[in-house]
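Results of the structural survey
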Amino acid sequence: MDNSEIIINLKGVSFLYHGNQSQRPVLDELNLQISRGERVGLIGPNGSGKTTLFHLLMGLLKPTQGDIEVFGKKRQQEKDFREVREKIGLLFQDSDDQLFCPTVAEDVAFGPLNLGKTQDEALEITRQVLKRLALEEFEDRLTYKLSGGEKRLISLATVLAMQPEVLVLDEPTTGLDEDTVERLIQILKSSKLTYLIASHNRDFLSKTTDIVYHLGRGKITRAT
Amino acid sequence: MHIDNFASGDSLLHRLDPRIKIVIALLFSVIVAVADKSLCLATAVCFSLALLFIARLSLREVFLRLLAVNAFILFLWLFLPFTYGGEKLFSIGPLNATREGIIYALLITVKSNTIVVALIALLATTPIITLGHALGHLYVPSKLIHLLFFTVRYLQVLHLEYDRLRAAMRIRAFKPGTNLHTYRSLAYLIGMLLIKSFDRADRIRKAMLCRGFHGEFYLLSHFELQKIDIVMLLIMMLVVGGMGSLQWIILK
């Protein structure tokens, strides 16, 4: 595989929330390129549009203007993004949004089942992923009774169970204690995935990423 | 939160296959709701008390739940005896209480309590999530079951959100009273809760889309009938069937 293959390419992407015509756009003709194997950090003040950027990338929001190219193809319709969502895993800021099934096993199996795996295969993947994250004992636990840190790690498991090529993590360390953050760092370091992480935690970014960008005033710049 | 309060015990009823419990609870409730023969109802009362005994639940907790049910029934006692036509028994001022009205109110009281006790003993002894799966295997439409799952899952989250908002009000010295400020603040609280739920629903939908959701739900748990399940099913069917025949065949 070509290592410099560009898999995410945002060209002149702008985004404006409805009814905000008079205001400055959240994203203003923004450009971003990510190659396979790159580990990218994204830093920026609250409300600078990090979550918006991720939602655009996943096709949850549509850009006001500009092009989104993922895996070498221009993505415009809902249908184009279905393939994107199978290959890019997004970890949401609030784990309560991500974990909606009654039990951990069902939640982790949800993605694989949607991808057309059989029940047995889905269960097998679930056990493997939980084992890889050392979360085996959580399989039958109820999602709403987990602690904040446990919820975050299980959410990560639900994303990894889709066997994505790229991980996109939205503020993964918020509300986590030092041990859980350390666990997250180890998991990320040992994965071979391309990933993009938004965080306010510079220390965490410096340990997990090779390059850090700054998002501010709707543009992306190299962080210093 | 009171979800699954009774589900943690380890009695015969706790271990019974939830599918059987659902079927019996349904048949029992329907028969009790329409029955009017006293022998049939007496059997029903004995049956639900027997279930309660087998389930070994805390009687105090059950009693507290029944109090809530009977608070509603109290209103029936205020109106029914005086509005139902029949033989006059006594009067308070211009109001006449009838014998039929009192019997009717009594009947409703007995029926409701019998059904609630049986439901507590049969259904509350299974975790609600397991009940959902059992309903799935009884061919209840999956959309309804997932509605149940979502409700259970997010009731907790909403309750926490409500607690946070209430705490935020309290730390700024909010004391509820009978005044416009209280009503307005409580309305804000409810409005905020509604908007937050709406936003959350939207985020959950997005999270589901990101994981390839396309309108299909899958169930993972499966149940297997044990010998004891079949024996219990037969015994309970016999009692419920007996109640039915008392009502419609023997005492006709």
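Residue indices follow the written sequence of each chain, beginning from 1 at its first position. The naming scheme follows written order: chains are lettered A onward, ligands numbered 1 onward. Reporting in this predicted model follows two pLDDT cut-offs: at least 70 for local features of residues, and 80 or more for side-chain atom pairs to be given and counted; totals over whole chains, interfaces and linings ignore these cut-offs and use all residues.

1. Examining the pairing of strand β1 (residues 6-15) of chain A
Residues and elements named next belong to chain A.
- The criterion for strand pairing is that DSSP finds at least two bridges linking the strands in question. Helix and strand assignments come from DSSP, with helices taken as H or I runs of at least 4 residues and strands as E runs of at least 2, each series counted from the N terminus. Note that β1 and strand β2 (residues 27-35) share six bridges and pair antiparallel. When the bridges of β2 are listed, F15 appears paired with L27.
- Strand direction decides the pairing type here: β1 and strand β4 (residues 65-70), joined by five bridges, are antiparallel. Bridge pairing in β4 links I8 to V70.

2. Some details on the sheet that holds β4 of chain A
All names here are of chain A.
- If you trace the four strands from one edge of the open sheet to the other, you get β2-β1-β4-β5, paired in antiparallel fashion. Because the sheet does not close on itself, it has two edges, and the strands there are β2 and β5 (73-74).
- Contacts here follow a simple rule: the backbone-placed C-beta atoms of the two residues must lie within 7 Å. Only the stretch in contact is used when fitting a helix axis, every axis being a line fitted to C-alpha atoms; angles between N-to-C directions are given from 0 to 180 degrees. Helix α1 (residues 50-57) contacts β1, β2 and β4 of the sheet and is inclined by roughly 120° relative to β1.

3. A short note on the confidence of the model for chain B
- A residue's pLDDT is simply how confident the predictor is in it, with values from 0 to 100. Of all residues in chain B, 98% have pLDDT values of 70 or greater, and the mean over the chain is 88.
- Here the prediction assigns the complex a pTM of 0.74, and the interface score ipTM is 0.80.

4. A word on the interface of chain A and chain B
- The partner chain B presents 20 residues to the 27 residues of chain A that form the contact.
- Sorting the residues of the side of chain A that touches chain B by element identifies α2 (78-87), α3 (95-98), α4 (104-114) and α5 (119-132) of chain A as the ones contributing at least two each.
- A per-element tally of the side of chain A that touches chain B places α4 of chain A first, with seven residues.
- Classification used: nonpolar for Ala, Val, Leu, Ile, Met, Phe, Trp, Tyr, Cys and Pro, charged for Asp, Glu, Lys and Arg, polar for all others including Gly. Each residue belonging to the side of chain A that touches chain B can be placed in one class, and the counts come to 15 nonpolar, seven polar and five charged.

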